[in-house]
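Structural characterization, general
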Amino acid sequence: MSSCYDTLLGLSGQLWPVHLQPKEDELLSSWIIRLAHAHGYKVQTMCSMLLGSDAAIWNRDVDQLAPIEDLQRLSTISGASIERIEKTTLRSLEGDLFEKHTPHGICRWIVPIGVFHRSRRRPGLMFCPQCLKEDPEPYFRRTWRLAFATICAKHGCYLLDTCPNCNSPLAPHRSDMQSRTVFPKTGLNVCCWKCGFDYRKTIEQPHFLEELHVRFQEKLEHALNVGYVEWANSPNMHSLVFFEGLRALIAGLTSRQTRNRLKRSTNISIAELSNFPENGFEFANLPSRRELFCILAKVTERWPKSFVDLIHECDLRYADLKGDSHRRPFWYEDVIHLEASAKRISTSDTEFNSISNAVRARNVKFSAFKAKQLFDRKLHWQPVTSVSDETYDELLISIDHEIARTLDSKDRAVLIRDKIMFAVGRVLKLTQNDLACLTIDKVHQLVSNTETADFYNNAKTPAQARAWVEWYWQNIRHQLEPNDAVMQVFTSVQRKKGIKRTTVGARFRRAVNANLLDRMNTEYKAWIK
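Below is a short write-up of the structure. (Residues numbered from 1 in each chain as written. Predicted model: local features only at pLDDT ≥ 70, side-chain atom pairs only at ≥ 80, totals over all residues. Heavy atoms only, no water.)

**Brief notes about the packing of helix H2 (residues 28–38) against helix H3 (residues 43–51)**
In contact at an axis separation of 9 Å, H2 and H3 are set at 95° when each is read in the N-to-C sense. As judged from the angle between their axes, H2 and H3 are roughly perpendicular. Across the interface between the two elements, Ile-32, Ile-33, Leu-35, Ala-36 and His-37 from H2 touch Val-43, Met-46 and Cys-47 from H3. Split by residue class, the contact of H2 with H3 holds seven nonpolar, one polar and no charged. (Axes fitted to C-alpha atoms, helices over the stretch in contact; angles between N-to-C directions. Helix = DSSP H or I, 4+ residues; strand = E, 2+ residues; numbered from the N terminus. Parallel < 35°, antiparallel > 145°, perpendicular 65-115°, else oblique. Contact = heavy atoms within 4.5 Å. Nonpolar A, V, L, I, M, F, W, Y, C, P; charged D, E, K, R; others polar.)

**Points about the pattern of salt bridges**
A side chain with one charge can pair with a side chain of the opposite charge if their charged atoms come near. Under the criterion given, the structure shown has 27 salt bridges. Between Asp-135 and Arg-141 there is a salt bridge; the shortest N-O distance is 2.6 Å. Overall, the relative accessible area of 12% leaves Asp-135 in the buried class. Of the charged contacts in the structure, one is a salt bridge between Asp-198 and Arg-200, with a shortest N-O distance of 2.9 Å. Take Asp-198: its relative accessible area is 13%, and that puts it in the buried class. A relative accessible area of 23% means that Arg-200 is categorised as partly exposed. Several salt bridges converge on common partners, so that one network encompasses Glu-26, Arg-34 and Glu-137. (Salt bridge = Lys/Arg side-chain N within 4 Å of Asp/Glu carboxyl O. Buried < 20%, exposed > 50% of the residue type's maximum accessible area, 1.4 Å probe, protein only.)

**Some details on unusual backbone geometry**
The step from Trp-303 to Pro-304 runs through a cis peptide bond, and the omega angle for that step is 5°. Along the chain, Pro-304 turns up in the loop between helix H11 (286–299) and helix H12 (305–314). The backbone phi angle of Asp-25 is positive, close to 60°, even though this residue is not glycine. Secondary-structure assignment places Asp-25 in the loop between helix H1 (4–8) and H2. Look at Asp-315: it is not a glycine, yet its phi comes out positive at around 55°. Taking the relative accessible area as the measure of exposure, Asp-315 reaches 13% and is therefore buried.

**Some remarks on the environment of Ile-416**
Note that Ile-416 resides in helix H18 (residues 409–428). For Ile-416, a relative accessible area of 16% translates into the label buried.

**Thoughts on the nonpolar core**
Counting residues in each nonpolar core, the largest one holds 72 residues, and the members touching the most others are Trp-144, Phe-242, Phe-243, Phe-293 and Phe-307. Elements with a minimum of two residues in this core: helix H7 (129–134), helix H8 (211–226), strand S5 (228–231), helix H9 (239–253), H11, H12, helix H13 (318–321) and helix H14 (330–339). When residues no more than four places from it in sequence are discounted, the contact partners of Phe-242 are Lys-219, Leu-220, Ala-223, Val-229, Trp-231, Met-237 and Trp-331. Counting 42 residues, the second largest nonpolar core, distinct from the first, contains Val-387, Ile-399, Tyr-472 and Ile-528. (Core = buried A, V, L, I, M, F, W, Y, C linked by side-chain atoms within 4.5 Å.)

**What to know about H3**
All of the buried residues along H3 are Val-43, Gln-44, Met-46, Cys-47, Met-49 and Leu-50. Among the residues trailing H3, Gly-52 stands out with phi positive, at a value near 110°.

**A few points about the packing of H9 against H14**
Closest axis-to-axis distance for the H9/H14 pair is 8 Å, and the angle between their directions is 35°. On H14, the residues touching Val-241, Phe-242, Gly-245, Leu-246, Ala-248, Leu-249 and Gly-252 of H9 are Phe-330, Trp-331 and Tyr-332. Each residue belonging to the contact of H9 with H14 can be placed in one class, and the counts come to eight nonpolar, two polar and no charged.

**Remarks on the side chain of Arg-507**
Within the fold, Arg-507 resides in helix H22 (residues 501–514). A polar contact is formed between the side chain of Arg-507 and the side chain of Asp-418, at a distance of 2.6 Å. If near-sequence neighbours (up to four positions away) are discounted, Arg-507 is found in contact with Val-414, Leu-415, Arg-417, Asp-418 and Phe-422. (Polar contact = N/O pair within 3.5 Å; in protein donor to acceptor, adjacent residues only side chain to side chain.)

**Points about the packing of aromatic side chains**
One pass over the full model with this rule turns up 23 aromatic pairs. On the numbers, 6.4 Å between centres and 70° between planes, the contact of Trp-331 with Tyr-332 is edge-to-face. Take Tyr-332: its relative accessible area is 0%, and that puts it in the buried class. Seen from their ring centres, Tyr-392 and Trp-527 are 5.5 Å apart, and the 50° between their planes marks the pair as tilted. Highlighted residues: Tyr-392 in helix H17 (residues 389–405) and Trp-527 in helix H23 (residues 524–527), separated in sequence by 135 residues. (Phe/Tyr/Trp six-rings, centres within 6.5 Å; stacked < 30°, edge-to-face > 60°.)

**Structural notes on the pairing of strand S6 (residues 234–238)**
Pairing of S5 with S6 involves three bridges; the strand directions are antiparallel. Counted as the bridge partner of Val-229 is Met-237 from S6. Connecting the antiparallel pair S5 and S6 is a turn made up of two residues, with Ala-232 showing a positive phi of about 50°. (Pairing = 2+ DSSP bridges.)

**Description of the side chain of Ser-175**
Residue position: Ser-175 is located in the loop between strand S4 (157–158) and H8. What makes Ser-175 buried here is its relative accessible area of 0%. Within the structure, Ser-175 has its side chain in polar contact with the backbone oxygen of Pro-172 (distance 2.8 Å). Of the polar contacts made by the side chain of Ser-175, one reaches the backbone oxygen of Leu-188; its length is 3.3 Å. Not counting residues within four places of it along the chain, the set of residues in contact with Ser-175 comprises His-37, Leu-188, Asn-189, Cys-191 and Trp-193.

Fair warning: the whole summary comes from geometry, so function is off the table for now.
Here it is, written out as structure tokens:
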């Protein structure tokens, strides 16, 4: 049925004069803007005419939502088929890029644009200045909304996601709102809505783009376009399986633990990944995503060899690489299960001690990484599951040496607190929580008899442990200046309250590491086992 606007325009039917068809890989919002400008209308004017004055089409992510009734009306006036228009939506990637499209929330692989009324708070649409410059009629690609699109493989240049002149996020639908006198024309859609800068006039900044990154980008785009890819010994792996595996790989590489271990790599740089968002790489800024996919290009260049080499070089762990997904495609799961969780032969005590001493002889703090760096030998040893009396004495003596070297009275008091705390915890088998809550009355309940405090020998019996606590309570505890109402034996200098359970564990690990007890288990629970 013809609308009243058809009559006003002098149209005999529902088809409008300019039969504008979507271009290859064009985004729905881009096509709507071109369609409006081709008929001499501002975008909002045409949408009001076509869909009704209260249709809030630009108050949402139209490329994501794309209501079918709106597409049908656009098909009617343009002559483009529903199927062709549907391909301009992000929903059309369902089954090829992601398993399930999420129109009203965050969708996998789609960069959010942060809709706020008609404005855009996030730079969720990218562009290539060279592509726009070469277009007879410039338009925005659907690919430029995808999180893996960080470079243009055709021109070998960086994509941009903000105006080079004023740094505003792209909002092409607002390009004709600069003035009431602005008349829509070809090319207006690629001008900044805020400052009017023509994106085609962007002067590219010099940058280095690795060839393997370009090849990887081409592979990603080809896989999405044809629906399959040659990968992991499969000549026609479905694109969805491929992209799901890549997503799992990204989750593994961007986990905090893995990022710390990747610092050991001599082949990749993770400078841009230091503050990577935990709510998904789609929320990362463009430079961080570009760095991420450059790393992926290197890691996947000769799959799985390149990735396996990285696992061994940085000692990556299965627990970190598996991410938070319970469904990992076979081509990724098989590699991390075999290479990152394989049982390793433990290094013998003799070999370990020999390498450890050689590392320290170079005035370098010992670590497995330093051993690998200096001697090209990976050390795999099983930490002891319990601590012997000999190691117990060794740790307390090493703390005594720290106390002797410390001049500040409060720092000395903290070290004495640690020594008493660890000794009492071991002798009385107290957990971290028990130590954090321990009061002098509780000590008296646990141990009925006592002895004179003797510091020539370390406490080995409950009575000796009680004597140490009572001496500490009378002579040292007040130096940490706890609040008067605090009844716990062991207190924090900063909080003036009882020490936290987590602080007990942290102080224990500090003592072990500070005193170079390399093979001792740094978990407090092994101390009291």
